[in-house]
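Here is how the chains run, residue by residue.
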Amino acid sequence: MKNKKFILLITFIILLGLTIIYISTNAFDKFVCSSNDKIDEKQIQITNLNKDTMGTIEENNPEQENKKINYSKIKLPEPVYSSNTSVEEALSKRKSIRDFQKKPLSIENISQILWAAQGITDKGKNKRTAPSAGALYPLEIYILIGNVKEIESGIYKYKPHQHEIVLIAAGDKRGDLAKYCAQPEAIQTAPITLVFAAVYERTSVKYGQRAERYVHIEVGHASQNVCLQVISLNLGTVTIGAFQDSYVKKTVQMLQEEDPLYVMPIGYSR
Ligand SMILES: Cc1cc2nc3c(=O)[nH]c(=O)nc-3n(C[C@H](O)[C@H](O)[C@H](O)COP(=O)(O)O)c2cc1C
């Protein structure tokens, strides 16, 4: 009888110990990962599926120089931090462009534009090119690539900390998106289109009802950065707010908690 009780006690202690270890590991994970750094598991699954069906190229192979990189994760080149265009010149030249050439963009263009939108400026302090209420960073940026020299067409998501894009869905989806937005010709023709999304929850945990206002202000900051950056790259854009939310969300394959806010086709002005 005594033995039985002893075994039960030991089993209970072991189970309790295992439960504590499990809970503390999960809590630690949650503590060290900021909400916007978490891996989007659903999306990574999609990416891995696509990876299997997409080949890779050997870099530095002259015969394949003109082929596109089609890795499921693409590390973007370092952005440049100076140019011959002053802020004043970019401001004075900014205007909406809705008519684009079919000329392709480069991977350097993509790097620069995404960095301007939400890139990291101070790695130690986790600061970005656009201000964010409470440094909670509710914005996510999707990029529809349809005509970029080095990158396969597809829907990608920008990862600011890694300065890379992750494939969400392969193939040219510009036509699909265009169906649900104002200025469909612009989206259909422009080599790339940015779709800004927001996770309101990241800001509302701290700011409650005021979060909606803050998130909308933030997408204005980020999109204005892009408006000015594209001038410096000799490109043009238009900020599109008129679209069917649920269809855009579905087409871009956003996560449940993300909502689309702004659409920006970008390319060379005609
Ligand atoms: C919140 C917002 C939403 C907009 N939505 C659209 C849109 O759906 N379609 C469009 O062609 N332009 C849109 N625009 C661009 C405006 O039409 C444009 O900025 C305005 O006509 C002034 O012209 P400009 O940008 O050339 O100075 C939007 C601008 C803002 C600020």
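Residues numbered from 1 in each chain as written. Predicted model: local features only at pLDDT ≥ 70, side-chain atom pairs only at ≥ 80, totals over all residues. Heavy atoms only, no water.

### Side note on the nonpolar core
Ranked by size, the top nonpolar core spans 35 residues in total, and within it I165, I192 and L194 carry the most contacts. When contributions to this core are tallied by element, the ones reaching two or more residues are α4 (107-118), β4 (139-145), β5 (154-159), β6 (164-170), β7 (192-198), α8 (211-232) and β9 (259-267). Core analysis: the second largest hydrophobic core is formed by 18 residues, L144, C181, V248 and V252 among them. (Core = buried A, V, L, I, M, F, W, Y, C linked by side-chain atoms within 4.5 Å. Buried < 20%, exposed > 50% of the residue type's maximum accessible area, 1.4 Å probe, protein only. Helix = DSSP H or I, 4+ residues; strand = E, 2+ residues; numbered from the N terminus.)

### Here's the deal with the packing of aromatic side chains
Scanning the model with the defined rule gives 3 aromatic pairs in all. With a centroid separation of 5.2 Å and an interplanar angle of 75°, the aromatic rings of Y81 and W115 are classed as edge-to-face. Here the residue Y81 occupies a position in the loop between β1 (73-75) and α3 (87-93), and W115 occupies one in helix α4, the gap between them amounting to 34 residues. For Y81, a relative accessible area of 55% corresponds to the exposed category. What makes W115 buried here is its relative accessible area of 15%. Taking 5.0 Å as the distance between ring centres and 80° as the angle between the ring planes, the aromatic pair formed by Y207 and Y214 counts as edge-to-face. Judged by its relative accessible area of 22%, Y214 falls in the partly exposed class. Taking NZ or CZ as reference, K103 lies 4.1 Å from the ring centre of Y268, over its face. For R128, the ring lying beneath its charged end belongs to Y137, and the centroid distance is 4.2 Å. (Phe/Tyr/Trp six-rings, centres within 6.5 Å; stacked < 30°, edge-to-face > 60°. Lys NZ or Arg CZ within 6 Å of the ring centre and 35° of its normal.)

### Digging into the pattern of salt bridges
Under the defined criterion, the tally for this structure stands at 7 salt bridges. Here R202 makes a salt bridge to E140, at a shortest N to O gap of 2.8 Å. Taken together, the residues R202 in helix α7 (residues 200-207) and E140 in strand β4 connect sequence positions 62 residues apart. Its relative accessible area of 12% is what places R202 among the buried residues. What makes E140 buried here is its relative accessible area of 7%. The partner of R174 in a salt bridge is D172, and the shortest N-O contact between them spans 2.8 Å. (Salt bridge = Lys/Arg side-chain N within 4 Å of Asp/Glu carboxyl O.)

### Overview of the side chain of S153
Of note, S153 is situated in the loop between β4 and β5. A residue is classified by how much of its surface remains accessible, and S153, at 16% relative accessible area, is buried. In this structure the side chain of S153 is engaged in a polar contact, spanning 3.3 Å, whose partner is the backbone oxygen of G146. Once you skip the residues sitting within four places of it in the chain, S153 turns out to touch I145, G146, A170, G171 and D172. (Polar contact = N/O pair within 3.5 Å; in protein donor to acceptor, adjacent residues only side chain to side chain. Contact = heavy atoms within 4.5 Å.)

### Some remarks on a nonpolar patch on the surface
Together, L9, F12, I13 and L16 make up an exposed nonpolar region whose accessible area comes to about 410 Å². When you line up the elements, F12 lands in helix α1 (residues 2-32). (Patch = residues over 30% accessible without salt bridge, like charges linked within 9 Å, V, L, I, M, F, W, Y side chains within 5 Å. Areas by Shrake-Rupley, 256 points an atom, 1.4 Å probe, with all protein chains shown as cover.)

### Overview of α4
Over its 12 residues, α4 runs 17 Å from end to end, which matches the ideal 16 Å to within 8%, given 1.5 Å per residue. Taking burial as the measure, the 12 residues of α4 include 11 buried ones, the bulk of the element. Listing the buried residues of α4 in full gives I107, N109, I110, S111, Q112, I113, L114, W115, A116, A117 and Q118. (Expected span 1.5 Å × (residues − 1).)

### Some thoughts on the sheet that holds β9
By way of backbone hydrogen bonds, the strands of a sheet pair with one another, either parallel or antiparallel. With antiparallel pairing, 7 strands are arranged side by side in an open sheet as β1-β6-β5-β4-β7-β9-β8. Because the sheet does not close on itself, it has two edges, and the strands there are β1 and β8 (236-237). Sitting on the sheet, helix α9 (residues 245-252) is in contact with β4, β5, β6, β7 and β9, with an inclination near 70° to β9. (Pairing = 2+ DSSP bridges. Axes fitted to C-alpha atoms, helices over the stretch in contact; angles between N-to-C directions.)

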